[in-house]
Amino acid sequence: MTSANILLVEDEPAIQELLAFNVAQCGYRAIQAFDVASAQTEINRALPDLILLDWMLPGVSGVEFAQRLRADSRTRDIPIIMLTARTDERDKIQGLEAGADDYITKPFSPRELMARIRAVLRRRAPQMTDDLVCAEGIELSPTTHRVSAKGMSIELGPTEFRLLHFFMTHAERVYSRTQLLDQVWGDHVFVEERTIDVHIRRLRQALEPSSTDNLIQTVRGSGYRFSKE
Ligand code: CA
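Residues numbered from 1 in each chain as written. Predicted model: local features only at pLDDT ≥ 70, side-chain atom pairs only at ≥ 80, totals over all residues. Heavy atoms only, no water.

J.: I'd love a proper account of the pattern of salt bridges, names of residues and values included.
T.: The tally for this structure, following the rule as stated, stands at 15 salt bridges. Across the pair Glu42 and Arg45 runs a salt bridge whose closest N-O atoms are separated by 2.8 Å. In this pair, Glu42 and Arg45 both sit in helix α2 (residues 36-45), three residues apart, roughly one turn of the helix. Asp101 is the salt-bridge partner of Arg70, the closest N and O atoms lying 3.1 Å from each other. One end of the pair, Arg70, is in helix α3 (residues 62-71); the other, Asp101, is in the loop between α4 (89-97) and β5 (102-105), with 31 residues separating them in the sequence. Each member of the pair Arg70 and Asp101 is classed as buried. (Salt bridge = Lys/Arg side-chain N within 4 Å of Asp/Glu carboxyl O. Helix = DSSP H or I, 4+ residues; strand = E, 2+ residues; numbered from the N terminus. Buried < 20%, exposed > 50% of the residue type's maximum accessible area, 1.4 Å probe, protein only.)

The following block contains the structure:
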């Protein structure tokens, strides 16, 4: 499967290294940022699948940054786990109100941190987990990379596989080409939007023999959607 990109925003080098080491050990890709400005640069380049965000940062605080991310439609859905040295219950509530999905107090054990990351990804970014996905007669296994539709085995290229995985875990919602580039390619700058149409066409062709190609719907003027309606 595609490994999740985890953006680490932490100014203390020792903790930053500890986080990067543990994230990599779990098979995720660590992207390191020591302040909000460089975190923003990384996000502009490609959307991460999850952000580990320290509360106390030089300049803009983690809480402020979380609020900013939640206010922007492009970054609104990125799962955020706040890291903090504070144990005050009010701080925890403030962090969650700012838009964090979870909250972890320093010092933390790597095991606890990884369990939290997995839980948040499972809840907020199911396309980044290994869970078997079944929907509308299609079964997709991220571990074996196999897809079957109505009992027929389906051969997909890596991009079509990721695209189908994303659609199946985000059924009924309409995604624009820009959003799909962000979510599936993780990069909205260097890929042309019409590339998406090519992969959609290939995906439909692969699904056609099982008559499930009509699940990949074009929503005129908006983008694409996975739906049986
Ligand atoms: Ca700090």
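J.: Explain the packing of helix α6 (residues 158-169) against helix α7 (residues 177-185) to me, and be specific about the residues and the numbers.
T.: Packing of α6 against α7 brings their axes to within 10 Å, and their N-to-C directions diverge by 105°. One way to sum up the angle between α6 and α7 is to call them roughly perpendicular. Contact with α6, carried on its side by Thr159, Arg162, Leu163, Phe166 and Phe167, involves Leu180, Gln183, Val184 and Trp185 of α7 and no other residues of that element. Split into classes, the residues belonging to the contact of α6 with α7 amount to six nonpolar, two polar and one charged. (Axes fitted to C-alpha atoms, helices over the stretch in contact; angles between N-to-C directions. Parallel < 35°, antiparallel > 145°, perpendicular 65-115°, else oblique. Contact = heavy atoms within 4.5 Å. Nonpolar A, V, L, I, M, F, W, Y, C, P; charged D, E, K, R; others polar.)

J.: Now, about the packing of aromatic side chains: what can you tell me, with residues and values included?
T.: If you walk through the whole model with that rule in mind, you get one aromatic pair. With a centroid separation of 4.9 Å and 70° between ring planes, the pair formed by Phe166 and Tyr175 is classed as edge-to-face. Comparing Phe166 with Tyr175, the two get one shared label, buried. (Phe/Tyr/Trp six-rings, centres within 6.5 Å; stacked < 30°, edge-to-face > 60°.)

J.: Tell me what's going on with the domain arrangement of the protein, and back it up with residues and numbers.
T.: Annotation of the protein at the domain level lists domain 1 (5-128) and domain 2 (133-226). Its C-alpha centre places domain 1 at a distance of 28 Å from the equivalent point of domain 2. On the domain 2 side, the residues contacting the eight residues of domain 1 number eleven residues. Contact between domain 1 and domain 2 buries roughly 820 Å² in total, counting both sides, with carbon and sulfur atoms accounting for 46%. For the pair domain 1 and domain 2, the number of links is two salt bridges. Asp77 is the salt-bridge partner of Arg173, the closest N and O atoms lying 3.4 Å from each other. The interface formed by domain 1 and domain 2 includes three residue pairs in polar contact (both at pLDDT 80 or more). (Domains from an automatic or database assignment. Buried area = accessible area lost by both parts, 1.4 Å probe. Polar contact = N/O pair within 3.5 Å; in protein donor to acceptor, adjacent residues only side chain to side chain.)

J.: How would you summarise the sheet that holds strand β9 (residues 152-154) if you had to cite specific residues and measurements?
T.: The strand order across the open sheet built from four strands is β6-β7-β8-β9, with neighbouring strands paired in antiparallel fashion. Unpaired on one side and paired on the other, β6 (133-135) and β9 mark the two borders of the sheet. For this sheet, the mean angle separating the axes of adjacent strands, direction not counted, is 20°. Here α6 sits on the sheet in contact with β6, β7 (138-141) and β8 (146-149), set at roughly 115° to β7. (Pairing = 2+ DSSP bridges.)

J.: Please set out the environment of Gln40 residue by residue, giving values where relevant.
T.: Along the polypeptide, Gln40 turns up in helix α2. Residues Gln40 and Phe65 lie 25 residues apart in sequence; the distance between their C-alpha atoms is 9.2 Å. Beyond its immediate stretch of four places on either side in the chain, Gln40 contacts Phe65 and Arg68.

J.: Which residues make up the coordination of the calcium ion, and what values go with them?
T.: Distances from the calcium ion to its protein donors, Asp11 (OD), Glu12 (OE), Asp54 (OD) and Met56 (O), fall within 2.1 to 3.1 Å. Taken in chain order, the donor set of the calcium ion reads D-E-x41-D-x1-M. Placement of the pair is Glu12 in the loop between β1 (5-9) and α1 (13-25) and Asp54 in strand β3 (residues 50-54), with a sequence separation of 42 residues. Exposure remark for Glu12: the relative accessible area of 37% places this residue in the partly exposed category. Under the relative-accessibility criterion, Asp54 is labelled buried at 1%. (Donors = N, O, S within 2.8 Å, 3.2 Å for Na, K, Ca; no water.)

J.: Got a sec to walk through the pairing of strand β4 (residues 80-84)? Specific residues and values, please.
T.: Sheet faces and side chains relate simply in a regular strand, where the side chains alternate between the two faces. Buried residues dominate β4, accounting for five of its five residues. Here β4 shows two buried faces, one formed by Ile80, Met82 and Thr84 and the other by Ile81 and Leu83. Where β3 meets β4, four bridges bridge the pair, whose relative direction is parallel. Paired with Asp54 across the bridge in β4 is Leu83. Considered for its hand, the β-α-β crossover made up of β3, α3 and β4 is right-handed. Sheet topology places β4 next to β5; four bridges connect them, and they run parallel. Bridged to Thr84 within β5 is Thr105. Considered for its hand, the β-α-β crossover made up of β4, α4 and β5 is right-handed. (Right-handed = clockwise from strand over helix to strand, strands pointing away.)

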